[in-house]
Amino acid sequence: MNLGDSCDATVERGGGVLEELLLHGTYHVSCVGPDGELKWEDDAPNLVTTAGKNYFLGTGLNSVSQITSWFFGLVSSVSFSAYAAADTMASHGGWTEAGPTNAPNYSQGTRPAATWSAAAAGVIATSAASVFSITATGTVKGCFLVSNSTKDGTTGTLASAGNFSGGDKVVGNGDTLNVSYSLAA
């Protein structure tokens, strides 16, 4: 009979909790026809641009001045190829804004303002939908969020942009697009 003792041990280093801060936003858009009937609705998950991420981080952690007014824009299907993280309002060669230059246009003199509810549980969302009253037929690919109200403007902070998950949407004169947005961290 052989008698003996046995012992086994394991040492783990570097164990810990991993916490990430990822920003995920989604536009929700409904299209109501001139007769008041819902024509379609869709979501547009978005790309948060590098400029948008830098703004959110800088405001929260490094004394960057807060932007108190944000506006929605529509992305036209005209000349669309892609969004890029490096897109800014001055330089976004893969897409164009819907408005006076690229169909469809809308009657509001400026981009509609976004109004916000208080952030809770890591999410901030608009408190009400922003309205686009369509005046010319065209195809919309998605939406964007920017800090400048000027239609076809090339200044301001571009926070995010995204395409509809269900594909391009045709709109006509008299349609109303209702745009809302939520951003989760």
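As the structure is a computational prediction, the values presented were derived from the model and not from experiment.

K.L.:
When you look at the overall build of the chain in this model, what are you seeing that I'm missing?
P.N.:
Helix and strand content of the chain: one helix and twelve strands. The buried share of the chain, reckoned over its 185 residues, is 38%. Sequence-distant contacts in the chain: of pairs separated by 6 or more residues, those separated by 24 or more amount to 72%.

K.L.:
Is there a simple way to explain the nonpolar core in this structure?
P.N.:
In a soluble, globular protein the nonpolar side chains are often hidden away together inside. In terms of nonpolar packing, the biggest core is built from 25 residues, with Tyr27, Phe72, Leu74, Phe132, Leu145, Leu177 and Val179 touching the most fellow members. Only strand 1 (24-32), strand 2 (38-45), strand 4 (70-76), strand 9 (138-146) and strand 12 (176-184) provide two or more residues apiece to this core. Broken down by element, this core gets its largest block of residues, four residues, from strand 12. Ignoring anything within four residues of it in the chain, the contact list for Leu74 reads Thr96, Glu97, Ala98, Tyr106, Phe132, Ile134, Val140, Gly142, Cys143, Phe144, Leu177 and Val179. Counting nine residues, the second-largest nonpolar core is a separate cluster that includes Phe71, Tyr83, Met89 and Phe144.

K.L.:
Before we go on, may I ask you to explain the environment of Val75 in this structure?
P.N.:
Tracing the backbone shows Val75 in strand 4. Along the sequence, Val75 and Gly99 sit 24 residues apart, while their C-alpha atoms lie 8.9 Å from each other. Those residues in contact with Val75, other than ones at most four positions away along the chain, are Phe80, Tyr83, Trp95, Thr96, Ala98, Thr139, Val140, Lys141, Gly142, Cys143 and Phe144.

K.L.:
Please clarify how helix 1 (residues 50-61) should be interpreted in this entry.
P.N.:
Because each turn of an α-helix spans 3.6 residues, side chains separated by three or four positions end up pointing in the same direction. In a regular helix each residue adds 1.5 Å, so twelve residues correspond to 16 Å; helix 1 covers 16 Å between its end C-alpha atoms and thus fits that length. Buried within helix 1 are the following residues: Gly52, Tyr55 and Gly58. For helix 1, the arc enclosing every buried residue in end-on projection is 135°, short of the 170-degree limit, so these residues lie on one face. The outward face of helix 1, more than 90 degrees from its buried face, is lined by the exposed residues Asn54, Gly60 and Leu61. Elements that come into contact with the buried residues of helix 1 comprise strand 3 (47-48), strand 4 and strand 10 (158-163).

K.L.:
Hey, could you run me through the packing of aromatic side chains in this one?
P.N.:
A ring pair, where both rings are aromatic, is described by two values, the distance of the centres and the angle of the planes. By the definition in use, this model includes twelve aromatic pairs. Their ring planes at 65° and their centres at 5.4 Å tell us that Tyr55 and Phe56 sit as a pair that is edge-to-face. Owing to a relative accessible area of 10%, Tyr55 belongs among the buried residues under this scheme. Consider the rings of Tyr106 and Phe132, whose centres lie 4.8 Å apart with planes at 80°: the pair is edge-to-face. Here the residue Tyr106 occupies a position in the loop between strand 5 (96-97) and strand 6 (113-114), and Phe132 occupies one in strand 8 (residues 130-133), the gap between them amounting to 26 residues. Comparing Tyr106 with Phe132, the two get one shared label, buried. A network of ring pairs unites the aromatic residues Tyr27, Phe72, Trp116 and Tyr181 as a single cluster. The ring of Tyr106 has Lys151 sitting right over it, with the charged end atom 4.1 Å from the ring centre.

K.L.:
Even after reading the chapter, I still don't get unusual backbone geometry, so can you show me in this structure?
P.N.:
Glycine aside, residues mostly have negative phi, and peptide bonds are mostly found in the trans state. The omega angle of the peptide bond from Ala103 to Pro104 is 0°, so this bond is cis rather than trans. Of note, Pro104 is situated in the loop between strand 5 and strand 6. For Ser79, which is not glycine, the phi torsion reads 60° and is therefore positive. Tracing the backbone shows Ser79 in the loop between strand 4 and strand 5. Non-glycine residue Ala121 carries a positive phi angle of around 55°.

K.L.:
Would you explain the layout of surface pockets in this entry?
P.N.:
To find leftover empty space, one rolls a probe the size of a water molecule over the atoms. The volume enclosed by the largest pocket comes to roughly 630 Å³. Along the walls of the largest pocket sit 26 residues, with Leu23, Tyr55, Phe56, Ile124 and Leu183 positioned nearest its centre. Contributing elements (two or more residues each) for the lining of the largest pocket: helix 1, strand 7 (123-125), strand 10 and strand 12. Here the lining of the largest pocket gets seven residues from one element, more than from any other, and that element is helix 1. Of the residues belonging to the lining of the largest pocket, the class tally is 19 nonpolar, six polar and one charged.

Scoring rules and cut-offs
- Residues numbered from 1 in each chain as written.
- Predicted model: local features only at pLDDT ≥ 70, side-chain atom pairs only at ≥ 80, totals over all residues.
- Heavy atoms only, no water.
- Helix = DSSP H or I, 4+ residues; strand = E, 2+ residues; numbered from the N terminus.
- Buried < 20%, exposed > 50% of the residue type's maximum accessible area, 1.4 Å probe, protein only.
- Contact = heavy atoms within 4.5 Å.
- Core = buried A, V, L, I, M, F, W, Y, C linked by side-chain atoms within 4.5 Å.
- Expected span 1.5 Å × (residues − 1).
- Arc of directions from axis to C-beta.
- Phe/Tyr/Trp six-rings, centres within 6.5 Å; stacked < 30°, edge-to-face > 60°.
- Lys NZ or Arg CZ within 6 Å of the ring centre and 35° of its normal.
- 1 Å grid on protein atoms, 1.4 Å probe; cavity = no way out; pocket = protein on both sides within 12 Å on 5 of 7 lines; lining within 4 Å.
- Points joined across faces, edges and corners; volume = space filled by probe spheres on them.
- Nonpolar A, V, L, I, M, F, W, Y, C, P; charged D, E, K, R; others polar.

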